[in-house]
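Understanding the architecture of this molecule
Okay, here's what each chain looks like letter by letter:
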Amino acid sequence: MPEREPREEYDGPATLVTDESGVEVTVRLRGHFEPIDGRFHWWGRITADRGVEDHFRSGDTIVLRTPYGDAPARLSDVDPWGRFRIAGTGRPPF
């Protein structure tokens, strides 16, 4: 994986990974360290993609993989433009 300075945002390619398969997507992610619970919280949206809607549902737990790392994440609501929200805590994949 490429070396780089840690950031609080990432826009780019990613893969949603489950036990059975992976779906290539584009994501916009942001995050910050939360001093109250001592963890890094990250979140964002997955660009609308029919492949995501065909394979995943709101509430699914997946692994999000970027060129900089992997992290467990949870999919939630879909906005009016067809973009799933994704969120995780701990070390982000960016």
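Right above here is the structure, for reference.
A brief structural summary. (Residues numbered from 1 in each chain as written. Predicted model: local features only at pLDDT ≥ 70, side-chain atom pairs only at ≥ 80, totals over all residues. Heavy atoms only, no water.)

A word on the packing of aromatic side chains
Counting across every chain of the model gives 4 aromatic pairs. Arranged with centres 6.0 Å apart and planes meeting at 80°, the rings of Tyr-10 and Tyr-68 form a pair that is edge-to-face. On the criterion of sequence distance, the pair formed by Tyr-10 in strand E1 (residues 9-17) and Tyr-68 in the loop between strand E4 (61-66) and strand E5 (69-78) is long-range, its members being 58 residues apart. Under the relative-accessibility criterion, Tyr-10 is labelled buried at 6%. Classification of Tyr-68 as partly exposed rests on a relative accessible area of 26%. Relative to Phe-94, the ring of Tyr-10 lies with its centre 6.5 Å away and its plane at 20°, an arrangement referred to as stacked. Here the residue Tyr-10 occupies a position in strand E1, and Phe-94 occupies one in the segment after strand E6 (84-89), the gap between them amounting to 84 residues. Just as Tyr-10 is buried, Phe-94 falls in that class too. Through a chain of ring-to-ring contacts, three or more aromatic side chains come together here, namely Tyr-10, Phe-40, Trp-42, Tyr-68 and Phe-94. (Phe/Tyr/Trp six-rings, centres within 6.5 Å; stacked < 30°, edge-to-face > 60°. Helix = DSSP H or I, 4+ residues; strand = E, 2+ residues; numbered from the N terminus. Buried < 20%, exposed > 50% of the residue type's maximum accessible area, 1.4 Å probe, protein only.)

Describing the pattern of salt bridges
Counted under the stated rule, the structure contains 9 salt bridges. Residue Asp-77 is joined to Arg-45 by a salt bridge in which the shortest nitrogen-to-oxygen separation is 3.2 Å. Of this pair, Asp-77 sits in strand E5 while Arg-45 sits in strand E3 (residues 39-46), placing them 32 residues apart in sequence. Here Asp-77 falls in the partly exposed class, since its relative accessible area comes to 37%. Judged by relative accessible area, which is 21%, Arg-45 ranks as partly exposed. The partner of Asp-79 in a salt bridge is Arg-83, and the shortest N-O contact between them spans 2.6 Å. Classification of Asp-79 by relative accessible area gives buried; the value is 10%. (Salt bridge = Lys/Arg side-chain N within 4 Å of Asp/Glu carboxyl O.)

Section: the nonpolar core
Leu-16, Trp-42, Ile-46, Leu-64 and Ile-86 are the most contacted members of the largest nonpolar core, which has 20 residues in total. Listing elements by their share of this core, those giving two or more residues are E1, strand E2 (22-34), E3, E4, E5 and E6. Among the elements that take part in this core, E2 stands out by supplying 4 residues, more than any other. (Core = buried A, V, L, I, M, F, W, Y, C linked by side-chain atoms within 4.5 Å.)

Some words on the pairing of E6
Of the two faces of E6, the one holding Phe-84, Ile-86 and Gly-88 is buried and the one holding Arg-85, Ala-87 and Thr-89 is not buried anywhere. Here E3 pairs with E6 via 5 bridges, running antiparallel. For His-41, the partnering residue across the bridge sits in E6 and is Thr-89. Once E5 ends, the chain turns through 5 residues before running back antiparallel as E6, passing Gly-82 with a positive phi of about 80°. (Pairing = 2+ DSSP bridges.)

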